[in-house]
Amino acid sequence: MKIEKQTLDFLNLLYENNNREWFQENKMMYETTLANVKDYITQLIIALSEFDPHINTDIQASRCLFRIYRDTRFSKDKTPYKTWFAAGISIDGRKLDGPEYYLHIEPGKHFLAAGYWRPEKHHLQAIRQEIDYSYQEMVDALSLGNWTVDDLSTEDKLKRAPAGYSEDDPHIEILKLKSFILYQSFTDAEITGAKSLQKVVDTAKRILPFKRFIHQALDQ
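Not measured: the values here are computed from a predicted model. (Residues numbered from 1 in each chain as written. Predicted model: local features only at pLDDT ≥ 70, side-chain atom pairs only at ≥ 80, totals over all residues. Heavy atoms only, no water.)

Draft legend 1. Molecular detail of helix 3 (residues 27–49). Spanning 23 residues, helix 3 covers 33 Å between terminal C-alpha atoms, matching the ideal 33 Å at 1.5 Å per step. Those residues of helix 3 that sit buried are Tyr30, Thr33, Leu34, Asn36, Val37, Tyr40, Ile41, Leu44, Ile45, Ala47 and Leu48. (Helix = DSSP H or I, 4+ residues; strand = E, 2+ residues; numbered from the N terminus. Expected span 1.5 Å × (residues − 1). Buried < 20%, exposed > 50% of the residue type's maximum accessible area, 1.4 Å probe, protein only.)

Encoded structure:
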């Protein structure tokens, strides 16, 4: 299973023609590419369910996919469509309040991420506490997938120590994180290649020990 080159072609064309008239004229191409992405997500869900107990085959790809239509109400960018496909994969589809997988399909910017993005306050506190109490356990979990703490995304991070923690804490840079995410990028050739799905699944397997650590912090 792979993402078809035609899917990337559509996204490239949409990037160049991001308007409603063009989209309506090419609605059939959109439907074809959407079907390809849905099939890919369905197969990914099946593969994930074989090793992650938090994923099962009852999860519907349609519940995981994000809409391609942009909400432009409060944005300076008024282009009506996203130029990528994305899916959040969890027991609650894309709306889980907990650890999940996120697949992003965009020409030149494909990636799989997993972990917990911007947890609610009580979950954030629980994760920080688990890291504080069991830092080496987190390091070991990362190591099982050949990751290190330096691989954790720093996109969301406090400038100062969070309440209850000191700047002198040896793990303060990790405790400042507001999201706990690992991700792996893929080239166009990889995502459209014969081993596309396997590469994504292999990445998910590498992230799984860390994802388990986050589940453990939340008693899930």
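Still more to cover.
Draft legend 2. Broad picture of the side chain of serine 196. With respect to the helices, strands and loops of the structure, serine 196 is situated in helix 9 (residues 196–217). Classification of serine 196 as buried rests on a relative accessible area of 1%. Setting aside residues up to four positions removed in sequence, serine 196 forms contacts with Met1, Lys2, Ile3, Tyr40, Glu190 and Ile191. (Contact = heavy atoms within 4.5 Å.)

Draft legend 3. Structural view of the sheet that holds strand 1 (residues 85–89). The four strands are arranged 1-2-3-4 in an open sheet whose pairing can be described as antiparallel. Both edges of this open sheet fall to strand 1 and strand 4 (180–186), since each of them pairs with a single strand only. Here the strands of the sheet are splayed against their neighbours by 15° on average, with no regard to which way each runs. Sheet topology places strand 3 (residues 110–116) next to strand 4; seven bridges connect them, and they run antiparallel. Across the sheet, residue alanine 114 finds its bridge partner in strand 4, namely leucine 182. Its contacts with the sheet put helix 1 (residues 5–16) on strand 1, strand 2 (100–105) and strand 3, and the angle it makes with strand 1 is roughly 115°. (Pairing = 2+ DSSP bridges. Axes fitted to C-alpha atoms, helices over the stretch in contact; angles between N-to-C directions.)

Draft legend 4. Spotlight on the nonpolar core. Residues Phe10, Ile41, Phe85, Ile89, Tyr101 and Ile131 are the most contacted members of the largest nonpolar core, which totals 61 residues. Looking at this core, the element that brings in the most residues is helix 9, giving 10 residues. Those residues within four positions of phenylalanine 10 in sequence are excluded, and the remaining contacts are Trp22, Phe23, Asn26, Met29, Tyr30, Thr33, Ile68 and Phe85. (Core = buried A, V, L, I, M, F, W, Y, C linked by side-chain atoms within 4.5 Å.)

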